[in-house]
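Breakdown of the fold
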Amino acid sequence: MSTRPNPRQVHIETFGCQMNEYDSELVRTLLKREGYVFTEDRECADVILMNTCAIRENAHAKVYTHLSDLKALKKTRPLVVGVLGCMAQNLKEELTVKEPLVDVLAGPDAYRRLPMLIDDAIRAQEQGLGSKGLAVDLSEYETYDDVTPERTGGVNAWIAVMRGCDNFCSFCVVPYTRGRERSRDPQGILDEARRIADQGFKQITLLGQNVNSYRSGDWDFARLISAVADVPGIERVRFTSPHPKDFPRSLLEAVVSHPRICKHIHLPVQSGNDRILGMMNRTYTRAEYLALVDEIRRMDSDIVLTTDIIAGFCSESDAEFADTYRLLETVRYHSAFVFLYSERKHTIAARKFPDDVPAEVKSQRVTALVELQRRISTERNREYLGRTLPVLVEGDAKKSHLQGMGKTDGNITVIWDKSTLPSQPGQTLSLSIYDASASTLYARPV
Ligand code: SAH
Ligand code: SF4
Ligand code: F3S
């Protein structure tokens, strides 16, 4: 790591998914190597980076709001503004032409060049020049295998095991912002897992845009996750986000039977109607999806299933939406993320299908699903009343530092009163559940 007489202070803000959180950790490592230091305080930063998300319109809107805040700040002092991540990749023209504020733009495969781009931008600013640094090429190979992300502590450590996505779901921008699928070498991943265990992390979450399509030689995802879960010192292994098409029996068996792989499967369904699933290019039918759910539940009736849904996709009729509603009633997930369809530039749906469901119909459908799911989640969580569950302590509850917060193996949030039960992050407690809401279990000591 190099040192500088007057190190530049960098502030980074992260939007979007866990992969972006992970990538921000990579960026910290890459910039620190070149002598940059990081600050939590944007007011004293020389460089402000935004690691952005492009998945839905509201993700864009957030970044544009932040950019307009920075405009005021930039008037008061020299400041380099960088946009990283999926929006940088997808909106390079808009961001460079329309936003004179942005000095540096780097997509998810270009972070090795970031120190150089920032150096150049600082120099250009010192010389009163207005040049911009751009790096938005996607790579078929970049996995940052040799860059250890600077993890900021806590209980969980992320490991990106694959990057990119080849599925081209018609609504989704990710294959365009993150490029083709590529998997890391398993030995590098296992070395990283062992280092993580040595550093005292209790949980590893394996990450990928389509994590269960991981393949490297004769290593598939089932073999990889089992090997990571065998690393001594690691108590829990999770994974996200999987695609329902990549759940061979061997993976289900690993999840169900390995004591350290968490009993939680996120199984994004998107829609319960076959015509819509076909238009979405999801590659499964409603019946095939429900057969997978049945297979999983036959293997372990206690497993926690969660999902993602898009309401109001192009041409979705009331009757087709009702199929999704009924699918939620049938599967009874523990929780579901419900999204309003948002047309994304460059996607297959944007090119082929008009975004023709009226905004108010989309919102009504989202509301109906959210209300249904809230009722089901409450009922599901109430099934835990009176049970004793192992809970991995993460820290304090968001609402009060007098309460502790942790997660069940199934990833459900648990809260307790710290006066009756002092707790330290990283501990696993055996707790008795006495109350439940749609999102939270309330516990006390056994
Ligand atoms: N790779 C993951 C996650 C993709 S993004 C997966 O395949 O599951 C997370 C969720 O955002 C998706 O599952 C989908 O429900 C939602 N999403 C993606 N594109 C969207 C769009 N254009 N409009 C609304 N929701 C979208
Ligand atoms: Fe997007 Fe589909 Fe890939 Fe998920 S699997 S990232 S929804 S294209
Ligand atoms: Fe967003 Fe890119 Fe993640 S679009 S959800 S930050 S992969």
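Residues numbered from 1 in each chain as written. Chains lettered and ligands numbered in written order. Predicted model: local features only at pLDDT ≥ 70, side-chain atom pairs only at ≥ 80, totals over all residues. Heavy atoms only, no water.

**Notes on the pairing of strand β13 (residues 236-240)**
- The buried fraction of β13 is high, at 5 of 5 residues.
- On β13, burial covers both faces: R236, R238 and T240 on one face and V237 and F239 on the other are all buried.
- Inspection of the sheet shows strand β10 (residues 203-207) paired to β13 by 5 bridges, in the parallel sense. The partner of L206 across the bridge, within β13, is F239. (Buried < 20%, exposed > 50% of the residue type's maximum accessible area, 1.4 Å probe, protein only. Helix = DSSP H or I, 4+ residues; strand = E, 2+ residues; numbered from the N terminus. Pairing = 2+ DSSP bridges.)

**As for the site of ligand 1**
- Residues in close proximity to ligand 1 total 14 residues, the closest being R56, Q209, Q270, D308 and S342.
- The separation between a nitrogen atom of ligand 1 and a polar main-chain atom of Q209 is 2.5 Å.
- A distance of 2.7 Å separates a nitrogen atom of ligand 1 from a polar backbone atom of S342.
- When the free accessible area of ligand 1 is taken as 540 Å², the share hidden by the protein chains comes to 88%.
- Contributing elements (two or more residues each) for the shell around ligand 1: β15 (304-311) and β16 (335-340).
- In terms of residue class, the shell around ligand 1 is built from 7 nonpolar, 4 polar and 3 charged.
- Counting contributing residues, the shell around ligand 1 receives three or more from each of domain 2 (154-262) and domain 3 (267-383). (Near = heavy atom within 4 Å. Polar contact = N/O pair within 3.5 Å; in protein donor to acceptor, adjacent residues only side chain to side chain. Areas by Shrake-Rupley, 256 points an atom, 1.4 Å probe, with all protein chains shown as cover. Nonpolar A, V, L, I, M, F, W, Y, C, P; charged D, E, K, R; others polar. Domains from an automatic or database assignment.)

**Overview of unusual backbone geometry**
- The omega torsion across T240 and S241 is -5 degrees, close enough to zero to call that bond cis.
- Structurally, the position occupied by S241 is in the loop between β13 and α9 (249-257).
- For N281, which is not glycine, the phi dihedral falls at a positive 65 degrees.
- Relative to the helices and strands, N281 is located in the loop between α10 (274-280) and α11 (286-299).
- With a phi close to 75 degrees, H346 is a non-glycine residue in the positive phi region.
- Looking at the element boundaries, H346 is found in the loop between β16 and α13 (348-352).

**Comments concerning the sheet that holds β16**
- An order of β14-β15-β16 is seen for the 3 strands of this open sheet, with the pairing classed as parallel. The open sheet has two free edges, formed respectively by β14 (264-266) and β16, since each of these has just one partner strand. Each neighbouring strand pair of the sheet contributes to a mean axis angle of 15 degrees, computed without reference to strand direction.
- Looking at chain direction, β15 and β16 are connected through 6 bridges and run parallel. Paired with I310 across the bridge in β16 is F339. (Axes fitted to C-alpha atoms, helices over the stretch in contact; angles between N-to-C directions.)

**Digging into the site of ligand 3**
- The local shell around ligand 3 consists of C17, N20, C53, A54, I55, C86, V174, R178 and Q209.
- When the residues that make up the shell around ligand 3 are grouped by side-chain class, the tally is 6 nonpolar, 2 polar and 1 charged.
- When residues of the shell around ligand 3 are assigned to domains, at least three map to each of domain 1 (9-135) and domain 2 (154-262).

**What about the packing of aromatic side chains?**
- Using the criterion set out here, one finds 9 aromatic pairs in the structure.
- Here Y111 and Y144 contribute two aromatic rings whose centre-to-centre distance is 6.2 Å and whose plane-to-plane angle is 20 degrees, an arrangement assigned as stacked. You can see Y111 sitting in the loop between β5 (104-106) and α5 (114-126) and its partner Y144 sitting in the loop between β6 (133-135) and β7 (156-160), a full 33 residues away along the chain. In this pair, the class of Y111 matches that of Y144, namely buried.
- The side chain of R56 reaches across the aromatic face of F339, ending 3.7 Å from its centre.
- Above the ring of W219, the side-chain terminus of R223 is found at 3.9 Å from the ring centroid. (Phe/Tyr/Trp six-rings, centres within 6.5 Å; stacked < 30°, edge-to-face > 60°. Lys NZ or Arg CZ within 6 Å of the ring centre and 35° of its normal.)

**Notes on the sheet that holds β7**
- Spatially, β7-β10-β13 is the arrangement adopted by the 3 strands of the open sheet, whose pairing is parallel. Looking at the sheet topology across the chains shown, the edges are occupied by β7 and β13. Adjacent strand axes in the sheet meet at a mean angle of 25 degrees, parallel and antiparallel pairs treated alike.
- The strands that helix α1 (residues 18-33) touches are β7, β10 and β13; relative to β7, the one it contacts most, it runs at about 90 degrees. (Contact = heavy atoms within 4.5 Å.)

**Re the nonpolar core**
- Ranked by internal contacts, the top residues of the largest apolar core, which has 55 residues, are V161, L206, F221, L224, V228 and I265.
- Element by element, the count of residues in this core is highest for helix α8 (residues 221-229), at 7 residues.
- Lining this core are residues from two domains, each supplying at least three of them: domain 2 (154-262) and domain 3 (267-383).
- One finds Y36, V47, A110 and L117 within the second-largest nonpolar core, a separate group that totals 29 residues. (Core = buried A, V, L, I, M, F, W, Y, C linked by side-chain atoms within 4.5 Å.)

None of the figures reported here should be taken as evidence of function without further support.
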